[in-house]
Amino acid sequence: MENKGLYPLRFKPIFKPRIWGGNKLRQRLNKNIPKNISNCGESWEVSAVGDNISVIANGFLEGNNLEELVEIYMGDLVGNSVYEKFGIELPLLVKFIDASDNLSIQVHPNDELARERHHAYGKTEMWYVIDADPGAKIITGFNRDVTREEYLESFRVIRAGLIGADASAGPRSIPGTSAQASEGKTSLAVSLAISLTE
């Protein structure tokens, strides 16, 4: 691959069916989701996650994947400090989410816990709510301290003990170790490309 200058890159989206997904990505964002994918819950726009590496959709780099680009352009593409820290394993995931039904409650580890248990980086997320149904909520933690045992014992009804924030349009930051879930909204989520959930 000839090392020409960089230009605005577009990536081929990676569509993910989810049990809680819907049709808003197709209807509101005009995503060209294949007809065989029903309940599309996520459209991964830029991904460096495992076997889901984004592929360039335009220009002379079309067909190359993100990992190849980082290997060739290094700090020119991602910044020197990012390249020095992560190399070609860029920890990035940018996706649209259609949470037409309740998402599962999950807790991603922070850096300290991820290092201790998985020898990996933690996962902090930033969501920007693009559209929300009336009454939609973002779950961002518990309203009291909950032990692991309490959670496991009552996981079907614990949702009542979660903190629900209004999901009106705008940004949300969700740090690692916070319980999180969502319902009735379409979001752009930017996170570290880590698939760890505690």
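Structure shown above.
Let me sum up the structure you'll find in this document. (Residues numbered from 1 in each chain as written. Predicted model: local features only at pLDDT ≥ 70, side-chain atom pairs only at ≥ 80, totals over all residues. Heavy atoms only, no water.)

So, the overall build of the chain
Here comes step 1: Each helix and strand counted, the chain has 5 helices and 9 strands in total.
Here comes step 2: Counted from the first residue to the last, the chain has its helices and strands arranged as β-α-β-β-α-α-β-β-α-β-α-β-β-β.
Here comes step 3: The burial tally for the chain puts 40% of its 198 residues in the buried class.
Here comes step 4: Here the analysis covers contacts within the chain between residues at least 6 apart in sequence; of these, 73% occur between residues at least 24 apart.
Here comes step 5: Within the structure as shown, the chain displays about 11100 Å² of accessible surface, and the carbon and sulfur contribution to it stands at 49%. (Helix = DSSP H or I, 4+ residues; strand = E, 2+ residues; numbered from the N terminus. Buried < 20%, exposed > 50% of the residue type's maximum accessible area, 1.4 Å probe, protein only. Contact = heavy atoms within 4.5 Å. Areas by Shrake-Rupley, 256 points an atom, 1.4 Å probe, with all protein chains shown as cover.)

Points about the nonpolar core
Here comes step 1: Counting residues in hydrophobic clusters, the biggest one holds 13 residues, and the most contacted among them are Leu 66 and Leu 90.
Here comes step 2: The set of elements that each furnish at least two residues to this core consists of β2 (40-49) and α2 (66-78).
Here comes step 3: At 5 residues, α2 tops the list of elements feeding residues into this core.
Here comes step 4: Leaving out residues up to four positions away in the same chain, Leu 66 has contacts with Phe 11, Val 46, Ser 47, Ala 48, Ile 53, Ser 54, Leu 77 and Leu 90. (Core = buried A, V, L, I, M, F, W, Y, C linked by side-chain atoms within 4.5 Å.)

Quick look at the pattern of salt bridges
Here comes step 1: Counted according to the given criterion, the structure contains 5 salt bridges.
Here comes step 2: For Arg 28, the salt bridge goes to Asp 131, with nearest N and O atoms at 1.8 Å. With a gap of 103 residues between them, Arg 28 in the loop between α1 (24-27) and β2 and Asp 131 in strand β6 (residues 125-142) connect regions that are remote in the sequence.
Here comes step 3: Of the residues examined, Asp 131 reaches a relative accessible area of 23% and is grouped as partly exposed. (Salt bridge = Lys/Arg side-chain N within 4 Å of Asp/Glu carboxyl O.)

Comments concerning empty space enclosed by the protein
Here comes step 1: Scanning the model with the defined rule gives 1 cavity of 30 Å³ or more in all.
Here comes step 2: Quantified by volume, the largest cavity comes out at close to 40 Å³.
Here comes step 3: Lining the largest cavity we find Ala 48, Ile 53, Leu 66, Glu 67, Val 70, Ile 88, Glu 89 and Leu 90.
Here comes step 4: If you tally residues by element for the lining of the largest cavity, the top one is α2, at 3 residues.
Here comes step 5: Considered class by class, the residues forming the lining of the largest cavity number 6 nonpolar, no polar and 2 charged. (1 Å grid on protein atoms, 1.4 Å probe; cavity = no way out; pocket = protein on both sides within 12 Å on 5 of 7 lines; lining within 4 Å. Points joined across faces, edges and corners; volume = space filled by probe spheres on them. Nonpolar A, V, L, I, M, F, W, Y, C, P; charged D, E, K, R; others polar.)

Topic: unusual backbone geometry
Here comes step 1: Located in the positive-phi region is Asn 30, a residue other than glycine, with phi close to 55 degrees.
Here comes step 2: Residues other than glycine seldom take positive phi values, yet Asn 39 does so here, at roughly 50 degrees.
Here comes step 3: Considering the arrangement of structural elements, one finds Asn 39 in the loop between α1 and β2.
Here comes step 4: A relative accessible area of 36% places Asn 39 in the partly exposed class.

Notes on the packing of aromatic side chains
Here comes step 1: The final tally for this structure, using the stated rule, is 1 aromatic pair.
Here comes step 2: Its guanidinium or amino end placed over the ring of Trp 44, Lys 16 lies 4.6 Å from that ring's centre, counting from NZ or CZ. (Phe/Tyr/Trp six-rings, centres within 6.5 Å; stacked < 30°, edge-to-face > 60°. Lys NZ or Arg CZ within 6 Å of the ring centre and 35° of its normal.)

Description of the side chain of Asn 58
Here comes step 1: Looking at the element boundaries, Asn 58 is found in the loop between β3 (52-53) and α2.
Here comes step 2: Not counting the four nearest positions on each side in its chain, Asn 58 is found in contact with Tyr 7, Pro 8, Leu 9 and Arg 10.

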